[in-house]
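Observations on the three-dimensional arrangement
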Amino acid sequence: MTDLERRQDRAPVPAGWEYAPAPESRDIVTLEERYGLFIGGEFVDPRSGEYFPTLNPGTEEQLAEVAQAGPEDVDLAVGAAREAYDNGWSSISPAERAKYLFRIARILQERSREFAVLESMNGGKPIRESRDVDLPLAAAHFFYYAGWADKLEYAFPNRRPRSIGVAGQIIPWNFPLLMLAWKIAPALAAGNTVVLKPAETTPLTALLFTDVVRQAELPPGVVNIITGDGRAGAELVKHEGVDKIAFTGSTEVGKAIQRELAGTGKKLTLELGGKAANIVFDDAALDQAVEGIVNGIYFNQGHVCCAGSRLLVQESIYEPLIAKLKRRLTTLRLGDPLDKNTDIGAINSKQQLDKITELVAAGEEEGAEIYQPPCRLPEKGYWFAPTVFTNVAQSYRIAQEEIFGPVLSVLTFRTPDEAVEKANNTAYGLSAGVWTEKGSRILSMAQKLRAGVIWANTFNRFDPTSPFGGFKESGFGREGGLHGLEPYLDLGESEVRGG
Ligand code: NDP
């Protein structure tokens, strides 16, 4: 460590820097008191007759009531999607399909502030993230897949790509609009119609998206949105009129869906949990790595399936790296998700907060050392301070289970082989990060790490052209890129024989 670095680590954290509040106005969002189900191009009352409240997790204030879809409602939605598929959508020219997707992308860009504010209100994520990450990426997905809609034969040369029918899509609460875009854009580009169920706690941006669908003049029934809890998802999975299920969420529910679909012939893709290793070698640029570690685990309060939740540090740099990391943590601002200065927003729900609290208590009980920077949690709402655990053994629950919160578990290694062994010592395999100056080491690590996405000297970077998906219990199938079109297509027989 240089003298300068030593001095920096000792430098006191400035105590008196107060940021003036910089709240984004919520006036741009107009909410209904109550929402029905979006079926066949219009809102209808649920046949179930049931509604449930949806909250702002930062304040616990009720934002609206949304419908709970029952079996009859799911049946109506699938019926509307089938009718739209049979009576037009599957046979219009691919260039026409592309036109609608381009429109959706442009409208999302035009209305991005409204969507970003609503996403932060309903989900608890900082406005800086919903504005700068979720919305631009959601629009980019629609632009990207719009481009493929009339080029499927070039995308899959010597094959005969055809749409498959009605896709049932179930998404989680961590990136509500972005996951909607990941699901709907490739499905429509490939010529299918969809029934999408957002998560119980974050339905509002999906319901606002119905406005975009109408503004884009998408034919009725091509996109149907049904809200509700896990029961609605389960009904959609088992409905006979659905040809493909795309699911993002927990490994437990993913496994249940796989069991339900076994033998039915329905196509299935599962994007499930993760416990990614973020591996820092002693030749890495430490300050850059610290930013990557912070982005890897505290982005979106750690509610990220590919979060870098296990930090693997080479022993020789353990002390300076942890000192820098702790110092950086003291500068993170936790609070109002709508404040433009906020780094860490609210935990998405009481249920998730309880899960994080329970796992953190287990970490302390098992013997790990906890560090949380001084930070005042708001009285109302669901909050958890950014947390680092050191002295973590591989067997601890905090090193094995997906916490899905702002909690980092730090382990150490001596050699690259040990890093690989520890990184792969998990039931998951969604992502990993490698920090080193050596290109050859990056390539060698990338070949040995059992993870679908590997970032080098960066973390949590997403791009619609790049496929995303897991190994092992992180699921199967890919979203994004050309690979993301495949699950929505019947590719027919290859025309090249014996090749
Ligand atoms: P779930 O897997 O339960 O939720 C994902 C989606 O599936 C939601 O829309 C959910 O509805 C729906 N769903 C729930 N049960 C069923 C079912 N039997 N059949 C079909 N669909 C169903 O995740 P949770 O929200 O309960 O979160 C639990 C844990 O899962 C988190 O703590 C986290 O560790 C992990 N998780 C991982 C995600 C990832 O991207 N890898 C995303 C979300 C969670 P509803 O919202 O109503 O429950």
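Quantities reported herein were computed from a predicted structural model and do not represent experimental measurements. (Residues numbered from 1 in each chain as written. Predicted model: local features only at pLDDT ≥ 70, side-chain atom pairs only at ≥ 80, totals over all residues. Heavy atoms only, no water.)

For the rest of this paragraph, the subject is the sheet that holds strand β18 (residues 453-456). Strand order in this open sheet of 7 strands is β14-β15-β16-β13-β12-β17-β18, and the pairing throughout is mixed. Since the sheet does not close on itself, it has two edges, and those belong to β14 (369-371) and β18, each with one partner. The mean inter-strand angle of the sheet, taken between neighbouring strand axes irrespective of direction, is 20 degrees. Where strand β15 (residues 387-390) lies against strand β16 (residues 407-413), 3 bridges are found, and the strand directions are parallel. Residue pairing for β16: Val388 is matched across the bridge by Leu408. (Pairing = 2+ DSSP bridges. Helix = DSSP H or I, 4+ residues; strand = E, 2+ residues; numbered from the N terminus. Axes fitted to C-alpha atoms, helices over the stretch in contact; angles between N-to-C directions.)

Of all 5 residues making up strand β11 (residues 267-271), 4 are buried, and the element is well covered by its neighbours. Where strand β10 (residues 244-248) meets β11, 5 bridges bridge the pair, whose relative direction is parallel. Directly across from Lys244, in β11, lies its bridge partner Lys267. On the question of chirality, the crossover connecting β10 to the parallel β11 by way of helix α10 (residues 251-261) is right-handed. (Buried < 20%, exposed > 50% of the residue type's maximum accessible area, 1.4 Å probe, protein only. Right-handed = clockwise from strand over helix to strand, strands pointing away.)

The final tally for this structure, using the stated rule, is 14 aromatic pairs. Measuring from centroid to centroid gives 5.7 Å for Trp89 and Tyr100, while their planes differ by 50 degrees, and the two rings are tilted. Residue Trp89 is located in helix α2 (residues 71-89), and its partner Tyr100 is located in helix α3 (residues 94-110); the two are separated by 11 residues in the primary sequence. Each member of the pair Trp89 and Tyr100 is classed as buried. Between Phe142 and Phe209 the ring centres are 5.8 Å apart and the planes differ by 25 degrees, which places this aromatic pair in the stacked class. In this pair, Phe142 is assigned in helix α5 (residues 127-148) and Phe209 in helix α8 (residues 204-215), connecting sequence segments 67 residues apart. You'll find Phe142 and Phe209 in the same group, each marked buried. (Phe/Tyr/Trp six-rings, centres within 6.5 Å; stacked < 30°, edge-to-face > 60°.)

What follows is about the domain arrangement of the protein. Segmenting the protein into domains produces domain 1 (34-272 + 474-490) and domain 2 (274-464). Taking only C-alpha atoms into account, the centre of domain 1 sits 30 Å from that of domain 2. On the side of domain 2, 31 residues touch domain 1, which itself brings 36 residues to the contact. Connecting domain 1 to domain 2 are 1 salt bridge. For Asp343, the salt bridge goes to Arg128, with nearest N and O atoms at 2.6 Å. (Domains from an automatic or database assignment. Contact = heavy atoms within 4.5 Å. Salt bridge = Lys/Arg side-chain N within 4 Å of Asp/Glu carboxyl O.)

Turning our eyes to something else, we now look at the nonpolar core. Grouped together as the largest cluster of nonpolar side chains are 109 residues, with contacts concentrated most on Leu108, Phe142, Leu180, Phe209, Val223 and Leu311. Sort the elements by how many residues they give to this core and helix α7 (residues 176-189) lands first, with 11 residues. No fewer than three residues from each of domain 1 (34-272 + 474-490) and domain 2 (274-464) sit in this core. Apart from the residues lying within four places of it in its own chain, the contact partners of Val223 are Phe38, Ile184, Leu188, Val194, Phe209, Val213 and Leu218. Leu312, Val392, Ala423 and Ala451 belong to the second largest nonpolar core, which has 29 residues in total. (Core = buried A, V, L, I, M, F, W, Y, C linked by side-chain atoms within 4.5 Å.)

It is worth spelling out the site of the ligand at this point. Surrounding the ligand, one finds 27 residues, the nearest of these being Trp173, Glu200, Ser250, Gln352 and Lys355. Note that an oxygen atom of the ligand is positioned 3.0 Å from one of the side-chain N or O atoms of Lys197. Here Gly249 contributes a backbone N or O atom positioned 3.4 Å from a nitrogen atom of the ligand. Those elements that provide at least two residues to the shell around the ligand are α9 (230-238), β10, α10 and α13 (350-366). (Near = heavy atom within 4 Å. Polar contact = N/O pair within 3.5 Å; in protein donor to acceptor, adjacent residues only side chain to side chain.)

Helix length check: helix α12 (residues 318-329), at 12 residues, gives a terminal C-alpha distance of 16 Å against a target of 16 Å (1.5 Å per residue), a fit within 8%. Among all positions in α12, only Pro320, Leu321, Ile322, Lys324, Leu325 and Leu329 are buried. (Expected span 1.5 Å × (residues − 1).)

Let us look at the environment of Gln62. Relative to the helices and strands, Gln62 resides in strand β5 (residues 61-67). Linking Gln62 and Phe102, residues 40 residues apart in sequence, is a C-alpha distance of 34 Å. Contacts of Gln62, omitting those with residues within four sequence positions, involve Pro53, Thr54 and Leu55.

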